[in-house]
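# Summary of the model geometry
Below, each chain spelled out in residue letters.
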Amino acid sequence: MKTNENSKSCLCGNGEYVVITCSGACDLGQISDLVARKLRDNKIRKMNCLAAVAADVKPTIEMFKEANLLLIDGCAVDCGKKILDKAGIENYKYLRITDLGYVKGQTPVTDEVITTVYDKVTIDYYR
Ligand code: SF4
């Protein structure tokens, strides 16, 4: 059977400035995901896949080690941080949404919250 070589690597956004996120199921995970997509849509950072690191996709892991990488986790469970630590990825920028004062399970996913977190990211983690 012919294999698709592209299936072995991630075809999401590569580049010098990359954002990845836990994209968790809860409100703060959803906010982290939507903020990352807004960074991508506004061409601040390319968005890529944290799941590719968990799946041990080597080209993605190597690319992340070279990139200016920003990881956004929703809460103090720190899923994304633990995945990067296991893969040996260091020296990345890190934002945990709960550190901004938002409470897991009690934060409405509104344009106002997304814009507030996005503005914080673009000021503190622009480059
Ligand atoms: S860091 Fe928190 S919000 Fe994100 S996936 Fe893990 S438990 Fe969910």
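Reference entry: report on the structure contained in this document.

Rules and cut-offs
- Residues numbered from 1 in each chain as written.
- Predicted model: local features only at pLDDT ≥ 70, side-chain atom pairs only at ≥ 80, totals over all residues.
- Heavy atoms only, no water.
- Helix = DSSP H or I, 4+ residues; strand = E, 2+ residues; numbered from the N terminus.
- Buried < 20%, exposed > 50% of the residue type's maximum accessible area, 1.4 Å probe, protein only.
- Contact = heavy atoms within 4.5 Å.

### Re unusual backbone geometry
- A positive phi is found at Ser23, a non-glycine position, where the angle reads about 50°.
- Summarising the element assignment, Ser23 is placed in the loop between strand 1 (17–21) and helix 1 (27–41).
- Residue classification places Ser23 among the partly exposed positions, given a relative accessible area of 35%.
- Not every positive phi belongs to a glycine, and Asp78 is a case in point at roughly 60°.
- Within the secondary structure layout, Asp78 lies in the loop between strand 3 (68–73) and helix 4 (79–86).

### Observations concerning the environment of Lys65
- In this structure, Lys65 sits in helix 3 (residues 58–66).
- When its relative accessible area of 36% is taken as the criterion, Lys65 is described as partly exposed.
- Every residue in contact with Lys65, bar those within four places of it in the chain, is listed here: Ala87, Gly88 and Ile89.

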